[in-house]
Each structure stands twice: as C-alpha cells, then as structure tokens.
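In case you want the letters, here they are:
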Amino acid sequence: MRPAFSVLLLTTLIGCAQGLAVVVALPALLGAAQPEAWLVFWRLSLWIILGLGVIGLVASFGHLGRPERAWRAAAMWRTSWLSREVIALPAFLGLSGLCLLSLWRVQAWPALLAAVLIAGALALWVCTAMIYAGVRFLREWATPLTVLNFMLMGLASGCLLAAVLALWRLPPQAALYARAAAALLGAALVGRLAALLRVRRLVPAGSMQSALGVSNPVIRQTSKGFTAGAFNTHEFFHGRSVRWVANARWGFVMLGFVLPMLLMSLTPEPLRAAGWTLALASNLLGMIAERWDFFAQVRHPQNRYYQAAL
C-alpha cells in the first residue's frame, strides 16, 4: 500500500508523546517525592507532550479528503476503532493539560491524575493499533504483534526523549532513563523483527479467481482495464522497487533501534548531551521509516487483480 506521510508523522509523534507521558508519570504514580526539580521536569515534559500532540493532530488532516467534516469521524465509536481513536487522542491531550494545570496550581502531581494519564495513553495505543490489527483480511496487520509493537516503540521513543530532557533538567535521573530507553529499544526491536519474520511466511489473501468471482483455474490477464491511472493503482501500490524497500527496512532497523541503543549505552558522560540528542533524532527518523514499511509491506487482496498488469 502507498503510505501517507501525514499518517507516518501522526503515529510517530503521538506514539512518542504517549511514551513520554507514561515514563514521566510513573514516578508520580509510585509516590516519589516531588521537589522543585521534579516539578520543573514534569512541566517541561507535559508541554512537549501537548506540542507533539498538536503537531500530530494538524498532520492528521493531511490525508483527509474533506477536513471540514473530520468531526463526523467520532460518530461510529460503538463499532469503529478509528472513531475511538478520534475520541481517545483529544482525551489523552486533555488529561495531559489537566496534569500540567495541577502542577502549576497546586505544585504537585497527584497519583490519581498520573494513573489516569497512563491509562489514557494505553487506551490510545490500543485504539490506534486496532485500526490496523482489526482489519482481518490484511494479514500483515492482523496480529497481536501490531498492538504490542505500537506500545513498545512508543515507550522506547518516549523514554529516549525523557532521558534527553532529564539530562537538561533532572541530571540525577538521566542515566536511569537512558538504561530504560536502551532496554525498551531492545524489546521493541525484538517485537518488530518477530513481525517481519511472520510476514515472510504469510500467504497473501485472495487469488485472481476470488478477485474476479470466477472459478476457472486458468486465468490470464492482459490489461488492467483502463489506459490511465486510478484510485486503486495509486493508493494500493507504493511504486518502489524491491531493493528500495529492502534498504528502507535495513534503514529503520539501524536508525530506529540499533544506533540509538549503542549511543544510549556507550556514549561517555562528557558527550552525552550530543550523543543522546543524536540518538533521539535517529530514533524518530527511523520510526518514520518503520511506519513507511509498516504500510508498504501490506499486499492488499485487490492487488491480485492489478498486479499482473502493472
């Protein structure tokens, strides 16, 4: 399938914001002391969460045909995971704003608010991932690994960002966040590789017979049926070569996981500001490439009809 850049940006930035929300809210949930240094760190983190969320929301309008009707997307919340995401995302950002307000007004982050924010982040991950995992005929997505990987990659990116922020505003906790980020990157890499191995063994859904509704075992296609491009051939083919896709896959593995892990684990203390910032930039770039591969790997059943003519 052809990935929309607005969706790549949305899922990457929102996932990072969710991960950051979880890892910075955990100390408040666990009842950690709240000296001024923690309050400053939390305020900065929550502002960044809101900023990433707003950028992601703006980006989400890029793939809408009629943006002025976007509000209608929430109408089918009883049956549609997309509608649930449309509700869960503003709710998550609203909870982030409420936590920030609490830090400003009462100079504390109540454990209950921290717990609700974490729950909101987890709910949003489930809603977003199930948009794809719930499409049963797209076998590359229809697996619990889709939900797991959305969570692990978001947590890894968010923890990486927390380590960089802590290095600036909360130095005593920076090394702890860095170790957690390296561990989460390793877990996310294992999950993503497991998904890739699963895709290699998949048999694409459908056949030329099922696409046409004809049972004859011998079908030869000589034309795609029209002389110009169409929605089907534009949206369900990414147009890249096999080599290009393979390079993109190696790229997101190295940029999104391996290089950040090495930088977070091996950068000497005097160089951490530069090394960890580079790790974060590499991870986010790698996550955009990973999102591209996530969409591009899908072989839509309708392609059984068009692939022989393209």
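Provided above is the structure to which this section pertains.
Below is a summary of the structure that appears in this document.

Details of the overall build of the chain
- Along its length, the chain carries 11 helices and zero strands.
- In the chain, the succession of α and β elements from N to C terminus is α-α-α-α-α-α-α-α-α-α-α.
- Looking at the chain as a whole, 46% of its 310 residues are labelled buried.
- By sequence separation, contacts in the chain at least 24 residues apart represent 80% of the contacts at least 6 residues apart.

Observations concerning helix H3 (residues 81-105)
- Along its 25 residues, H3 runs 35 Å from first to last C-alpha, staying within 8% of the 36 Å computed at 1.5 Å per residue.
- Among the residues making up H3, those that are buried are Ser83, Glu85, Ala88, Leu89, Phe92, Leu93, Ser96, Cys99, Leu100, Ser102 and Leu103.
- Against the buried residues of H3 lie helix H1 (5-29), helix H2 (36-60) and helix H4 (111-133).
- Two or three places before Leu82, at the start of H3, stands the capping residue Ser80, its side-chain oxygen 3.2 Å from that residue's backbone nitrogen.
- Looking at the residues trailing H3, positive phi occurs at Gln107, about 55 degrees.

Some remarks on the nonpolar core
- Grouped together as the largest cluster of nonpolar side chains are 86 residues, with contacts concentrated most on Val24, Phe41, Trp42, Phe92, Trp109 and Tyr177.
- Of all the elements in the fold, those that place two or more residues in this core are H1, H2, H3, H4, helix H5 (144-169), helix H6 (171-200), helix H9 (242-266) and helix H10 (272-296).
- Residues contacting Phe41, with those up to four places away along its chain left out, are Val24, Ala162, Leu165, Ala166, Arg169, Leu170 and Tyr177.

Some thoughts on unusual backbone geometry
- Backbone geometry at Gln107 places phi at a positive 55 degrees, although glycine is not the residue there.
- By secondary structure assignment, the location of Gln107 is in the loop between H3 and H4.
- Overall, the relative accessible area of 36% leaves Gln107 in the partly exposed class.

Reading guide: rules and limits
Residues numbered from 1 in each chain as written. Predicted model: local features only at pLDDT ≥ 70, side-chain atom pairs only at ≥ 80, totals over all residues. Heavy atoms only, no water. Helix = DSSP H or I, 4+ residues; strand = E, 2+ residues; numbered from the N terminus. Buried < 20%, exposed > 50% of the residue type's maximum accessible area, 1.4 Å probe, protein only. Contact = heavy atoms within 4.5 Å. Expected span 1.5 Å × (residues − 1). Polar contact = N/O pair within 3.5 Å; in protein donor to acceptor, adjacent residues only side chain to side chain. Core = buried A, V, L, I, M, F, W, Y, C linked by side-chain atoms within 4.5 Å.

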